[in-house]
Structure formats: C-alpha cells, structure tokens
Amino acid sequence: MPQFDGELSPPFEILEPAEWRAPIIFNSPHSGSVYPREFLEASRIDLAALRRSEDSFMDELIADLSERGFPTITVNFPRSYVDVNREPYELDPRMFAGRLPSFANTRSMRVAGGLGTIPRVVGDGQEIYRERLPVDDGLARIEALYKPYHRALRRLINKAHQRFGTVILVDCHSMPSVGVSRDEPRRPDMVIGDRYGTSCAALLPDMVEETMTGLGYSVGRNKPYAGGFITEHYGNPASGLHTIQIELNRAIYMDERRRERSARFSQVTADFAALADALAAVPLGDLGAFQAAAE
C-alpha cells in the first residue's frame, strides 16, 4: 500500500479570500510537483520525463488572485500519480496486478490512451511503470487524494452557491506549444474549452476571448482541448453552475525545455489578474440562478 507519510501533506491547498469579490473559483488541478518517493522508485522513467505532464507554474500564475477576492484551489501531487480531471475510476486493467472492481470504467477513450485516473503513460506517451501495480495501491490513491480533492471543490462551489446564487469555475491548465501530430496547426496562446457551448453561459467564453485578444493573445476555442472531466462534471449552466477551461500555451510564459519561467511570466500573471477582473464584472443576473447544489 502507498505510504504517503508527510510527503503529500497537504495534498491540495485552498486559498480563500477574507471577502469574496465574486462567485469565481480558480482551479489548477495539474500543476502539482510533489513526487512521492515510492512513485519515483516504481517509475521506469526519470523525474524530468514525468514532469512533462505537469501544467508547470500554473499554480503560481493564479496564486495572487486570492488577494484580489477570488478563491483558488491547487493540487500538490502530480497528475502522473493521480489525475483529478478524470472520472474517479477510469482505470486501465493492463496496469494492475489483480482484478479491478466491477464499477471501474475500463473502456473510456482516456483509458485507451493511457491517461486514466491512474495514468499509464506521461503526456508524450512514455510508459511510467516498470511493473504492474497492485489494485489496492491504485484504489488507495483514489481514496486518499482524488476523493478529498473533489469533496473540497464541491464544498467551495456550494459555498459560492449559498452566497451568490451562481458559480463560475475557471479550470486552469497549460499545454505544450507543439502538438504530438505534425499535422496539427500552430497552437494559439490560449484555448478556451466550454464543451462546445454546454458547460457555461455563452457570454463567459466571449468575455475571456475579448479580454485576452485585447491584451494581445491569440485565442482558440475547444480545439484541441474542449474541457475534461471537471469542466463536464461541474458545468450545469441551466442550474447556474458554469465551468470554463483555459489552456495556456506554455511557450508564452516559460522555457519548455529547461522548465523555467520566462521573462514574460510576470506580465502573464498580471494579464490573468486582468481576466479575473473582467469576469468579476459580468452581471450575475445574466448567468441565471443556481437552483441546486452541485454534485
């Protein structure tokens, strides 16, 4: 069984302002960089290869937003260890020694690609593990890390619901500047994902695009990223719960090869703050009432 000890304590962090400025929550589920020792020992690839899956520095880009009146939630464990942007049990039976529980989703597209709740590969397709994992180890990670994170996120969403009657969850990610396929066109500076118009009111991606293009960024929508489990699961605009995913091109704020912040890092941080301000200016009445707590 995994021995987390103090390595992953706390597994995630919530920075909540003394006074909420708006019902807007900024979430960074993939920027975690605390690698448990037993995970590194079980890996067939080195730490540098594992870190290619990280949304590096995204937690830092949103860190100051809590001082501006917006709560933030960031995950400390790496997505290559447990990916909270998946269903709770998207598990690949090829990874495990032993039988998975009958309720596991073993046939999703994400599992087929090796990127389930317990990933089999890192972002560039390299296999992570030397040997199969005991089933109990994978299930223990989900119980100790995945489930507490989602419980905390739901509590934060419900707190906004009770106070404001509506919620905007901004799911913050970063993407490699170049896709795996050579046929993929050049990626823009930012990709907005709203599950093709189903996870939030249309005015929100419009506002994000207008704000960021005004700041000099190139912006795309839903391709190649339309939003993952978090965007799909928590987005219910008919009930006033709006989720929008933002993918930031890593090349605009960091040196991807060296994994270092670039000279533009502070400007990109300031532009994220400007985006938060723009979202806070959206009239809540235009978003609809939040009639039921999120599941």
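These figures come from a predicted structure and were not determined experimentally. One numbering rule holds for all chains: residues counted from 1, following each sequence as written. Per-residue local features are limited, in this predicted model, to residues with pLDDT of at least 70; the limit for side-chain atom pairs, both in listing and counting, is 80 or more; totals at the level of whole chains, interfaces and linings are taken over all residues. Only hydrogens and water are set aside when side-chain values are computed; all heavy atoms of the structure are taken into account.

Some details on the sheet that holds strand β7 (residues 190-193)
Strands pair in a sheet through their backbones, by hydrogen bonds, and they do so in one of two ways: parallel or antiparallel. Pairing between two strands requires that DSSP report at least two bridges joining them. Secondary structure elements are defined from DSSP: runs of H or I of at least 4 residues count as helices, runs of E of at least 2 residues count as strands, and each element is numbered from the N terminus. Spatially, seven strands are ordered β1-β3-β2-β6-β9-β7-β8 in an open sheet, and the strand pairing comes out mixed. Across the chains shown, the open sheet's two edge strands, defined by having one partner strand only, are β1 (12-15) and β8 (219-221). Between one strand axis and the next, the sheet turns by 20° as a mean value, whatever way the strands run. Sheet analysis places β7 next to β8, joined by three bridges and oriented parallel. If you follow Val191 over to β8, its bridge partner there is Gly220. The contact criterion used throughout is that any non-hydrogen atoms of two residues lie within 4.5 Å. A fitted line through C-alpha atoms represents every axis, and for helices the fit uses only the stretch in contact; the resulting angles, taken between N-to-C directions, go from 0 to 180 degrees. Across the sheet, helix α6 (residues 203-214) lies against β6 (167-175), β7, β8 and β9 (241-249), angled at about 160° from β8, the strand it touches most. Together, β2 (24-28), β6 and β9 form the strand contacts of helix α8 (residues 265-280), whose direction differs from that of β2 by roughly 145°.

Section: the layout of surface pockets
Any residue with an atom within 4 Å of a point lines the site, the site being either a cavity, points on a 1 Å grid over the protein atoms alone where a 1.4 Å probe fits but cannot get out, or a pocket, an open set with protein on both sides within 12 Å along at least 5 of 7 lines. Grid points are joined across faces, edges and corners, and a volume is the space filled by probe spheres set on the points. By volume, the largest pocket is sized at about 1100 Å³. Every element with two or more residues in the lining of the largest pocket is listed here: α4 (109-112), β6 and β9. Each residue belonging to the lining of the largest pocket can be placed in one class, and the counts come to 11 nonpolar, 12 polar and 15 charged. Here the second largest pocket defines a volume of roughly 150 Å³. Surrounding the second largest pocket, Glu13, Leu15, Ser31, Gly32, Ser33, Val34, Asp59, Ala63, Thr72, Thr74, Val75 and Asn76 form its lining. Listing elements by their share of the lining of the second largest pocket, those giving two or more residues are β1, α3 (58-63) and β3 (72-75). For the lining of the second largest pocket, the per-class residue count stands at four nonpolar, six polar and two charged. For this classification, the nonpolar set comprises Ala, Val, Leu, Ile, Met, Phe, Trp, Tyr, Cys and Pro, the charged set comprises Asp, Glu, Lys and Arg, and every other residue, Gly included, is treated as polar.

Some thoughts on the pairing of β2
Buried means the residue's accessible area, taken with a 1.4 Å probe over protein chains only, is under 20% of the maximum for its type, while exposed means over 50%, and partly exposed covers the values in between. Counting buried positions along β2 gives five out of five residues, so the element sits mostly inside the fold. Side chains Ile24, Phe26 and Ser28 project from β2 onto one buried face, and the interleaved Ile25 and Asn27 project onto a second face that is buried too. Relative to β6, β2 is paired through four bridges, and the arrangement is parallel. By the bridge assignment for β6, Ile24 is matched with Ile168.

Brief notes about empty space enclosed by the protein
According to the stated counting rule, one finds one cavity of 30 Å³ or more in the structure shown. What the largest cavity holds in volume is close to 40 Å³. Lining the largest cavity we find Ser53, Arg79, Ser80, Asp83, Arg86, Leu115, Gly116, Pro119, Val121, Val122 and Gly123. Across the lining of the largest cavity, the residue classes tally to four nonpolar, four polar and three charged.

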